[in-house]
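# Remarks on the overall topology
Next come the chains, spelled out residue by residue.
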Amino acid sequence: MKVVVVESPAKAKTIEKYLGPGHRVLASFGHVRDLPPKDGSVEPDKDFAMHYEMSGRGNDSVRAIATALKEADSLVLATDPDREGEAISWHVLEALENRKVVKGKQVSRVVFNEITKTAVTEAMRNPRDIDMDLVNAQQARRALDYLVGFTLSPVMWRKLPAAKSAGRVQSVALRLICERETEIEAFRAREYWTIAGDFLNADGQKVSARLVELAGKKLDKFDLNNQQTAEAAVAKLSGLKYSVADISIKPAKRNPYPPFTTSTLQQEAARKLGFSAAFTMQLAQRLYEGVDIGGETTGLITYMRTDGVSMADEAIRAARDVIAEDFGRDAVPQSWRVYKSKQKNAQEAHEAIRPTDFRRRPRAVARYLDEAQLKLYDLIWTRALASQMESAELERTTIDIRDAANTGGFRVTGTVVLSPGFLKLYEEGIDDKSADDEEGARLPKLAVGDKLDTQGIIPEQHFTEPPPRFSEASLVRKLEELGIGRPSTYAAILEVLRARSYVKMEAKRFVPEDAGWLAYAFLVSFFDQYFAYDFTANLEEKLDEIAEHKLDWKKVLEDFWRDFSRGDDDHVSVKDAITRIDENMGRRGEVLDAINKMLEAHFFPARGDGHDPRLCPACNKGQLGIKAGRTGAFIGCSDYPDCRYTRPLAAGGADGEMALSGPQELGKDENGVDVTLRQGPFGPYVQLGEAEGKQKPKRASLPKGLPADEVTLELALKLLALPRVVGLHPETQKEILAGLGRFGPYLLHDGKYAKLKDAMEALEIGINHAVEKIAAAAARGPGRKRPEPKPLRTIGNHPEDGEPVNVIDGRYGPYLKHGATNAPVPRGEDHTTISLEAAVAAIAARAKSGKGGKKAAPKKAAPKKAAAPKAEKPAAKKAAVKKAAPKKAPAKKSAGKKDAAE
């Protein structure tokens, strides 16, 4: 028997069907071991020894493979066809050798670019050894990431509030985003005007043209830079007789785009479908691993982590046949189209992303896919098919229109599609279209000398626009252009930036968060050379050269670590920089000064009145700057403790709120006590009176979204009066209170809470409305008990008991639920696309481990045990222990909750 190891359980089941009897296919569930996040995992002084650690799931996977291998005569490692896949195969083999179960077994490595019966069986006939250069390229990448991260992250944690970590590649992507934002903030719009002429030919057909010459001089963009010059030009051009001076017709050709690589797929899916890079890769993984079509699981696309643009010969033949069937023989070029990657170090999987069978048209598989899967498959199928179609034949016509004295020269360009070719099927999307871009216009039939009637000379005002923020598509393209990252890393890079709260998305564009600005400024100020674009790209090239058998991986690590740790005459080492930071940070000197200097334009933009934007508004002496506190970063005065002015860390103030220069008096309450509006490190608040000894005055924060300059004495007194008595409940005669709590505005009656929509409702709600809110809350359930979570998705019914298998939205993320058993979504699976088979396998593994069923299994659900399938002996034993030791249940429940969220 042969034991075959793949990465995912869904793939394992499919491949086992293809291979038939004599094969046992098991999943590794991705990486089985990794470098533990602690000091000493990589030891540069010991020839870069790497100390790997098995994960919990990795232990389970290797144990299952080892058990199966005892009854087998050979081991086939069939993980993904890239560096990561090669490394996973090596790690599995190493773990099995440590268990001493490989001795005497035949070990081989096979790769396939698509999960079809033909590809899998062909791969099994052509085994090879593990490619250690690919493995070592992956090990080198992992070691570099570790050495950078675990050298720089600790100093960030010590010295920089809100900093999470310093990733080798993610920090460079963050730099791109912050530097683009800096360009936008520094941008100053310039005014310019354009003049259009509307004309009619003898047949009454309209043609609109743009002024390109005035008084014999070619117009530059800013020649007409204000309304006066534009109106003066219009006055010169009006009332003149115009005719067609010249017509230029040039043939043009547009060639189709190559099939998708990983990055171009992510870019186009973002542009056309609005998918994130991570979601695109999850969908592509599912299409690659296969869907059930007519009772057989079939992979629909080839491997989706690649920077190759070529297709196999048989795929090209199939594409040409489908083009002929669907669009006619004229749409098929005489010779095949052969694409070559423009990327310098294209590697990994060699084929582009394409359908495994071009005859499997999107409409034919629509009923087997969900909406998102179908959209992505249609995009991949369409692009790959169009790549083998005829070029589009175009005709570009330029018409010049002038008056007899050559006072004004207008021009219009139009494009005529003579033969659409591939454009019948596909046209690539555009990231950012400039306001000045002109599309080809439809042109009426004209001849040189034709007289034209002037319908209007129209001036139009414009302003230059700043460079656009990066979208996912444009950021991936920029990273690829710079040679930073590789196909398998782009989605992870973007997700990590969001997860660390370094960036946020606004209108599907990346915007740096305050924590991101601080991390960027810190790293660039003190470690600039290690986060420079060229440095990171050169490291990527060296990793590629390791994979291509050109460089020794230990030599690459040695060269990097020598410069990184010891430095030379040209630059300071990282260790020296850290020592300098530690020595200066005690007095908050060099580090914060450098960050303040670098981010001055962002957090303290120039004021229109010419005043110093960093002058403290409270004392008019100190300078405002970024400060580090126990609870995070904020902006404060340099004259602390004499001046205690602070404000939240935000560009130009608290999102444009009024900057409070010390306490502002709003008036007095009914007892004559002062009511003031103040600024705190977490935002503005109102205060009643002053502190007396150890007794603090009453304070109330302003509700979110309420500008400080709109706070009146009446509103302040209402805020200070919270919680307030709304009235007595007509049934219970108990008080109803309205207040603001840590979870938002609320009503409280008889120990039970009801939510309010906003703070203003807490201030204004009357007794009748309050009674209705309380009744509605009571109808939803008693007290503060959380309602049973609604499934995000029902995957299907469990094959053993027919009970539904659901995806639940848990506190720590989606998890699987069947009866009383909760299980995490397996690594590599997406909760929106996971198959019933994979979900059942995960639930079975969780039940067998004894960790499931603790999260949401209430005692009153016990009678359902009779309907459950027969438990395995370990589960039965577990149940007996639970009955005998009920006191341990709460501890298990807590652990189960954590496990379900992994």
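### Structural notes on helix H16 (residues 533-547)
For H16, built from 15 residues, the straight-helix expectation of 21 Å at 1.5 Å per residue is met to within 8% by its first-to-last C-alpha distance of 21 Å. Buried within H16 we find Tyr 533, Thr 536, Ala 537, Leu 539, Glu 540, Leu 543, Asp 544, Ile 546 and Ala 547. The positive-phi residue at the C-terminal boundary of H16 is His 549, with phi of around 70 degrees.

### Digging into the pairing of strand E19 (residues 451-463)
As paired strands, strand E9 (residues 191-200) and E19 are joined by 10 bridges and run antiparallel to one another. Note on E19: the bridge partner recorded for Leu 200 is Asp 453. Here strand E12 (residues 242-254) runs beside E19; their pairing, made up of two bridges, is antiparallel. If you follow Tyr 242 over to E19, its bridge partner there is Leu 452.

### Considerations on the nonpolar core
Among the nonpolar cores identified, the biggest contains 164 residues, and Leu 96, Phe 112, Leu 152, Ile 301, Phe 522 and Phe 527 are the most heavily contacted of them. The leading source of residues in this core is helix H5 (residues 132-159), at 12 residues. Contacts of Phe 522, omitting those with residues within four sequence positions, involve Val 155, Met 156, Leu 160, Phe 527, Ile 581, Val 591 and Ile 595. Judged by nonpolar contacts, the second largest core, of 22 residues, contains Leu 224, Val 234, Ile 399 and Leu 452.

### Things to note about the pattern of salt bridges
Inspection of the entire model under this criterion finds 46 salt bridges. Taking the shortest distance from any N to any O, the salt bridge between Glu 351 and Arg 354 comes out at 2.6 Å. With a relative accessible area of 13%, Glu 351 lands in the buried category. Through salt bridges that share partners, Arg 141, Asp 145, Arg 168 and Glu 540 make up one connected network.

### With respect to helix H1 (residues 9-19)
Most of H1 is tucked away, with eight of its 11 residues classed as buried. Buried residues of H1: Pro 9, Ala 10, Lys 11, Ala 12, Thr 14, Ile 15, Tyr 18 and Leu 19, and no others. Packing partners of the buried residues in H1 comprise strand E1 (2-6), strand E2 (23-27), helix H4 (117-124), helix H9 (277-289), strand E14 (296-298) and helix H24 (836-849). Among the residues of H1, the N-terminal cap falls to Ser 8, whose side-chain oxygen and the backbone nitrogen of Lys 11 are separated by 3.2 Å. One or two positions beyond H1, positive phi appears at Gly 20, with a value near 80 degrees.

### Section: the sheet that holds E1
The strands making up a sheet are joined through hydrogen bonds of the backbone, oriented either antiparallel or parallel. The four strands are arranged E2-E1-E7-E8 in an open sheet whose pairing can be described as parallel. Unpaired on one side and paired on the other, E2 and strand E8 (106-109) mark the two borders of the sheet. Here the average twist between neighbouring strands, direction ignored, is 20 degrees. Across four bridges, strand E7 (residues 74-77) lies against E8 in parallel orientation. When the bridges of E8 are listed, Ser 74 appears paired with Gln 106. Contacts between H1 and the sheet are confined to E1 and E2, with E2 contributing the most and set at about 170 degrees to the helix.

### Comments concerning unusual backbone geometry
In this chain, Tyr 640 is followed by Pro 641 through a cis amide linkage whose omega measures 10 degrees. In the segment running from Leu 722 into Pro 723, the intervening peptide bond is cis, with an omega of -5 degrees. Among the structural elements, Pro 723 can be located in the loop between helix H21 (713-720) and strand E29 (724-728). Notably, Lys 100 is not glycine yet its phi reads approximately 60 degrees, a positive angle. Tracing the chain through its elements places Lys 100 in the loop between helix H3 (83-98) and E8. Look at Gln 733: it is not a glycine, yet its phi comes out positive at around 60 degrees. Of note, Gln 733 is situated in the loop between E29 and strand E30 (735-741).

### Comments concerning the packing of H5 against helix H15 (residues 514-527)
H15 packs onto H5 with a crossing angle of 120 degrees between their chain directions and a minimal axis gap of 12 Å. Between H5 and H15, the interaxial angle falls into the category oblique. Once H5 is placed against H15, the crossing between them reads as right-handed. On H15, the residues touching Leu 152, Val 155 and Met 156 of H5 are Ala 519, Phe 522, Leu 523 and Phe 527.

### What about the confidence of the model for the protein?
Predicted confidence across the protein gives a mean pLDDT of 83, with 86% of residues reaching 70 or more. Per-residue pLDDT stays below 50 along residues 854-902; that stretch engages in 37 contacts with residues further than four places along the chain or on separate chains.

### Brief notes about the packing of aromatic side chains
Summed over all chains, the structure comprises 19 aromatic pairs. Taking 5.5 Å as the distance between ring centres and 75 degrees as the angle between the ring planes, the aromatic pair formed by Phe 199 and Phe 410 counts as edge-to-face. Residue Phe 199 is located in strand E9, and its partner Phe 410 is located in strand E18 (residues 408-419); the two are separated by 211 residues in the primary sequence. A residue is classified by how much of its surface remains accessible, and Phe 410, at 1% relative accessible area, is buried. The interplanar angle of 65 degrees and the centroid separation of 5.6 Å between the aromatic rings of Tyr 746 and Tyr 753 together place this pair among those described as edge-to-face. An aromatic cluster is present here, built from Tyr 530, Phe 535, Phe 560, Trp 561 and Phe 564 joined pairwise through their rings. One cation-aromatic arrangement involves Lys 221 over Tyr 192; the distance from NZ or CZ to the ring centre is 4.9 Å.

What counts as what
Residues numbered from 1 in each chain as written. Predicted model: local features only at pLDDT ≥ 70, side-chain atom pairs only at ≥ 80, totals over all residues. Heavy atoms only, no water. Helix = DSSP H or I, 4+ residues; strand = E, 2+ residues; numbered from the N terminus. Expected span 1.5 Å × (residues − 1). Buried < 20%, exposed > 50% of the residue type's maximum accessible area, 1.4 Å probe, protein only. Pairing = 2+ DSSP bridges. Core = buried A, V, L, I, M, F, W, Y, C linked by side-chain atoms within 4.5 Å. Contact = heavy atoms within 4.5 Å. Salt bridge = Lys/Arg side-chain N within 4 Å of Asp/Glu carboxyl O. Polar contact = N/O pair within 3.5 Å; in protein donor to acceptor, adjacent residues only side chain to side chain. Axes fitted to C-alpha atoms, helices over the stretch in contact; angles between N-to-C directions. Parallel < 35°, antiparallel > 145°, perpendicular 65-115°, else oblique. Left-handed = near helix turned anticlockwise from the far one by under 90°. pLDDT = per-residue confidence, 0-100. Phe/Tyr/Trp six-rings, centres within 6.5 Å; stacked < 30°, edge-to-face > 60°. Lys NZ or Arg CZ within 6 Å of the ring centre and 35° of its normal.

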